[in-house]
Amino acid sequence: MSRRKIIIDTDPGQDDAVAILLALASPDALDVLGITAVAGNVPLALTAKNARVICELAGKVDVPVFAGCDAPLSRKLVTAEHVHGKTGLDGADLPDPAMPLQDAHAVDFLVDTLRAAPSGSVTLCALGPLTNIAAALTRAPDIAGRVPEIVLMGGAYFEVGNITPAAEFNIYVDPEAADIVMKSGIKLTIMPLDVSHKALTTRPRIEAFRALGTRIGETVAGWTDFFERFDMEKYGHDGAPLHDPTVIAYLLEPDLFTGRHINVEIETGSDLTRGMTVADWWRVTDRPANATFMGGVDADRFFRLLTDRLARL
């Protein structure tokens, strides 16, 4: 099987970190061309730093990391330190990175890489607000036809919102960017809260990470111990949703997930429902389908995949 070339656009975040580790632990299937950081869970300076911390933790210092947009396209940045802690990676004590941040802007890297690569050869994996990707599409509309697929974590339908009553965080932070991506014509696969809320970090699953007996196992267990406290209190679940690794898991084992090819649009005009993903799950409109919107996951297989792959690092 040929390796799938990917770029990971991210705002780490503990769950972003686990997703990046999953990708880096799967070199037989995924060729990570670069990681582009965006402001989201924490400000850009921290997301760019955290991406390099994660690469060093995995021993993959050859993966280039680029800093991107430090604010949404047209709004003030909203962050989530109340979930992820002041560093974004609270829960584990990791050293500052030694590997350099690349000089180029993330948007330039996206545009240049997609133009230089064979058309249809580079998949974009979006784990945070879609600012970088939307900025690249706006600057260079020609790249839309070169991207075979964008797989993104964001939005919700049955689970509604986690930052407002109507909106999921990644989409809420930059709804204008999400709107650009939804209307891009690129093949879209969306992992919403409807999926991640079925993939919970229960105590046995966290202890399976710790039982790996490695630095990475201990670190991932520490991260999940930290951020689950917020979601367990909020939702009353036995664990917390592990959102972003669903994106990478889909690339590795797509049959873990079930969904529907439907129309998805983004609310940008209403203060009340800003950032809502208006997903036509029941196909009650005649708006054309533009995304595969996932609704289910085999959680046990998902966590087995994650634990088995992390054991490789």
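Higher on the page you've got the structure.
Residues numbered from 1 in each chain as written. Predicted model: local features only at pLDDT ≥ 70, side-chain atom pairs only at ≥ 80, totals over all residues. Heavy atoms only, no water.

J.: Looking at this structure, how should I read the pairing of strand β5 (residues 150-153)?
T.: Note on strand geometry: in a regular strand, side chains alternate between the two faces of the sheet. Along β5, one buried face is formed by Ile-150 and Leu-152 and the opposite face, lined by Val-151 and Met-153, is buried too. Note: strand β4 (residues 122-126) against β5, three bridges, orientation parallel. Among the inter-strand pairings, Leu-124 is bridged to a residue of β5, identified as Ile-150. The parallel pair β4 and β5 is bridged by helix α5 (residues 131-139), and the resulting crossover is right-handed. (Buried < 20%, exposed > 50% of the residue type's maximum accessible area, 1.4 Å probe, protein only. Helix = DSSP H or I, 4+ residues; strand = E, 2+ residues; numbered from the N terminus. Pairing = 2+ DSSP bridges. Right-handed = clockwise from strand over helix to strand, strands pointing away.)

J.: What is the right way to look at the sheet that holds strand β6 (residues 188-191) in this model?
T.: Adjacent strands of a sheet form backbone hydrogen bonds with each other and so pair up, either parallel or antiparallel. The sheet built from eight strands is open, its strands ordered β3-β2-β1-β4-β5-β6-β10-β7 with mixed pairing. Strands at the two margins of the open sheet, each flanked by one partner only, are β3 (65-67) and β7 (257-262). Here the average twist between neighbouring strands, direction ignored, is 25°. (Axes fitted to C-alpha atoms, helices over the stretch in contact; angles between N-to-C directions.)

J.: Help me understand unusual backbone geometry in this model?
T.: The bulk of non-glycine residues show a negative phi, and the bulk of peptide bonds are trans. For the bond running from Pro-12 to Gly-13, omega is 5°, close enough to zero to count as cis. Within the element layout of this structure, Gly-13 appears in the loop between β1 (4-10) and α1 (14-24). Of note in this structure, Arg-283 is not a glycine but carries a positive phi near 55°. Residue position: Arg-283 is located in the loop between β9 (277-279) and β10 (291-297).

J.: Please explain helix α11 (residues 245-252) as it appears in this structure.
T.: In an α-helix, one turn spans 3.6 residues; hence positions three or four apart end up facing the same way. Counting buried residues along α11, eight of its eight residues qualify, which places the element largely inside the surrounding structure. Taken as a whole, α11 has its buried residues at Pro-245, Thr-246, Val-247, Ile-248, Ala-249, Tyr-250, Leu-251 and Leu-252.

J.: For this particular structure, what's the right way to read the nonpolar core?
T.: Soluble globular proteins tend to bury their nonpolar side chains together. The biggest cluster of nonpolar side chains holds 59 residues, and the ones touching the most others in it are Ile-8, Leu-21, Ile-35, Trp-223, Ile-248 and Phe-257. Counting residues per element, this core draws most heavily on α1, which supplies eight residues. Other than its neighbours up to four places away in sequence, Ile-35 contacts Ile-8, Thr-10, Ile-20, Ala-51, Cys-55, Val-63, Pro-64, Val-65 and Phe-66. (Core = buried A, V, L, I, M, F, W, Y, C linked by side-chain atoms within 4.5 Å. Contact = heavy atoms within 4.5 Å.)

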